[in-house]
Amino acid sequence: MKSPTSLSKDVAASLDDRSREVFRRIVETYLESGDPLGSRNLSRLLSTSLSPASVRNVMADLEDLGLIYSPHISAGRLPTQQGLRFFVDAFMQVGDLTAEERGSIERQIRPPGPAQPMESLLTEASRMLSGLSRGAGLVISAKNDPILKHVEFIRLEPTKALAVLVGEHNQVENRIIDLPAGITASQLTEAANFLNANMTGQTLPELRTQLVRLKQQVAGELDTLSQDLVERGLAVWSGGSDEEKPTRLIVRGRANLLEGLAGSEDIDRLRLLFDDLERKESLIEILNLAESGPGVRIFIGSENKLFSLSGSSLIVAPYRDGEDRIVGAVGVIGPTRLNYSRIVPMVDYTAQLMARLSRTGL
């Protein structure tokens with residue numbers, strides 16, 4: 001199977017200047033308004049004089065190539081998915097952001113302060129991309145291990161307890177754990193006191209590593225049941241497999257996707273998109289898409305396996321930490337008539353800023 005780029009080169013070689021301009025006008029009208037462009041209106045837009053009949057002949061050739069189609073009889077023409085891919089590969093000129101646009105992005109994506117956890121930074125990045133793109137902005141990130149501040153065990157029933165973990169920015173996680181047989185209220189308190197005395201300024205993985213080193217001390221300070229409880233309380237946050245590797249997906253601007261819906265078919269596709277965004281496996285798949293090539297990636301319609309049923313386009317770029325590991329991705333998802341040339345540099349610059357922050361240890 002030919003790659004989109006090689007396919008675009010083959011198609012480009014078969015088009016003359018007149019065909020190129022007709023095709024470009026059809027796509028640009030679609031990206032701007034979503035409307036089909038007819039031969040009569042198109043003949044008025046061309047830089048060279050061409051009758052509507054001649055325009056229709058060119059359109060017929062473009063249809064034969066699979067680049068445009070007519071949504072219904074007597075209508076104008078719209079680009080096909082293959083046509084959009086060809087336009088992106090062969091015609092689209094990606095500009096640079098203006099100083100004002102860069103400044104706007106930088107003001108919204110800046111290092112979080114003591115009262116602003118990383119979560120709010122990710123939300124701002126997603127909201128900013130949505131506002132500037134007319135699509136839905138998305139940010140996916142590996143969930144950072146918070147520095148722990150306090151832990152508490154609350155008995156729910158004889159064999160179950162609620163483990164409450166509080167981070168440095170007062171973020172709270174609650175997990176239910178199984179209790180060792182015969183555990184008492186005083187042992188719950190003893191286990192919590194031990195963790196609170198040893199967790200200051202540490203993340204959960206650091207605390208688990210320290211617990212291994214303190215094994216003998218733990219055995220001396222805690223009875224067997226309390227020691228078992230400490231280990232269970234920590235294990236519940238460690239994740240048992242790669243499938244449970246904590247990640248988070250933040251999407252802002254879904255209301256933007258409701259704009260310009262033409263009918264029930266559009267609404268059905270949007271419903272499919274929303275269903276896709278709610279699936280847990282979406283998180284890993286988006287990272288896989290972003291990781292599959294350098295820089296910004298553009299997936300149009302069915303090219304994007306994750307959202308293929310909804311016919312949506314995804315523009316996504318990964319960002320890396322100081323060890324050059326991919327730790328997240330930023331992007332925009334929306335209808336196929338996204339303003340690709342404007343959104344690509346926006347996503348690229350946002351990814352660069354997120355990478356810069358990630359390298360500082362945030």
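Before any of the text, the structure's been laid out above.
A. Geometry of the overall build of the chain. Secondary structure summary: the chain contains 14 helices and 10 strands in total. The buried share of the chain, taken over its 362 residues, is 44%. Counted over contacts in the chain with a minimum sequence separation of 6, partners at least 24 positions apart contribute 62%. For the chain, the computed accessible surface area is about 18,600 Å², with 49% contributed by carbon and sulfur atoms.

B. Structural view of the sheet that holds strand 5 (residues 160-167). Within the open sheet, the three strands sit side by side as 4-5-6. Their pairing is antiparallel. Two strands bound the open sheet, and with one partner strand each, they are strand 4 (148-157) and strand 6 (172-178). Direction aside, neighbouring strands of the sheet carry axes that sit 20° apart on average. Against the sheet, helix 8 (residues 185-198) contacts strand 4 and strand 5, and its axis sits at roughly 165° relative to strand 4.

C. Representation of a negative patch on the surface. The grouping of Asp 16, Asp 17, Asp 61 and Asp 64 at the surface amounts to a negative patch. The exposure class of Asp 61 is partly exposed, given its relative accessible area of 46%.

D. Representation of helix 2 (residues 17-33). A rise of 1.5 Å per residue sets the reference length of helix 2, with its 17 residues, at 24 Å; its end C-alpha atoms lie 24 Å apart and thus fit the reference within 8%. If you follow the buried residues of helix 2, they end up packed against helix 3 (39-45), helix 4 (52-64), strand 1 (68-69), strand 2 (78-79), helix 5 (81-90) and helix 14 (340-359). Just downstream of helix 2 lies Gly 34, where phi reads positive at about 80°.

E. Examining the pattern of salt bridges more closely. This structure, assessed with the given rule, holds seven salt bridges. Across the pair Glu 63 and Arg 77 runs a salt bridge, and its minimum N-O distance is 2.9 Å. Taken together, the positions of Glu 63 in helix 4 and Arg 77 in the loop between strand 1 and strand 2 put the pair 14 residues apart, joining distant regions of the chain. Among the residues examined, Glu 63 registers a relative accessible area of 30% and is labelled partly exposed.

F. Local environment of the nonpolar core. With 56 residues, the main nonpolar core has Phe 23, Ile 109 and Tyr 340 as its most contacted residues. Every element with two or more residues in this core is listed here: helix 1 (4-13), helix 2, helix 4, helix 5, helix 7 (118-133), strand 9 (313-320), strand 10 (326-334) and helix 14. With residues near it in sequence (within four places) discarded, Phe 23 still touches Leu 62, Leu 67, Ile 68, Gly 83, Phe 86, Phe 87 and Phe 91. The next biggest cluster of nonpolar side chains, apart from the first, holds 15 residues, and it includes Leu 270, Phe 299, Leu 314 and Ala 329.

Rules behind the numbers
Counting from 1, residues in each chain are numbered in the order their sequence is written. Given that this is a predicted model, residues contribute local features only at a pLDDT of at least 70 and side-chain atom pairs are listed and counted only at 80 or more, while totals for whole chains, interfaces and linings are drawn from all residues. Side-chain metrics rest on all non-hydrogen atoms present in the structure, leaving aside hydrogens and water. Helix numbering and strand numbering both begin at the N terminus, where a helix is a DSSP run of H or I of at least 4 residues and a strand a DSSP run of E of at least 2. Burial classification: accessible surface area is computed with a 1.4 Å probe over protein chains only, and a residue below 20% of its type maximum counts as buried, one above 50% as exposed, and the rest as partly exposed. Residues are treated as being in contact if the distance between any of their heavy atoms lies within 4.5 Å. Note on areas: Shrake-Rupley, 1.4 Å probe, and residue coverage restricted to the protein chains presented here. Strands were regarded as paired on the criterion that DSSP finds at least two bridges between them. For helices, the fitted line uses only the C-alpha atoms of the stretch in contact; every axis is such a line through C-alpha atoms, and the angle between N-to-C directions lies from 0 to 180 degrees. Residues enter patches when they are more than 30% accessible in relative terms and free of salt bridges; like-charged ones are connected within 9 Å and nonpolar ones (Val, Leu, Ile, Met, Phe, Trp, Tyr) within 5 Å. Only one rule defines a salt bridge in this text: a Lys or Arg side-chain nitrogen within 4 Å of an Asp or Glu carboxyl oxygen. In this tally, Lys and Arg are treated as positive and Asp and Glu as negative; His is ignored, and so are the chain termini. Here the site of a charge means NZ on Lys, CZ on Arg, CG on Asp, or CD on Glu. Under the convention used throughout, the expected extent of a helix is 1.5 Å for every residue step, that is, one less than its residue count. Throughout this description, the term nonpolar core refers to a set of buried Ala, Val, Leu, Ile, Met, Phe, Trp, Tyr and Cys residues connected via side-chain atoms within 4.5 Å.

None of the figures reported here should be taken as evidence of function without further support.
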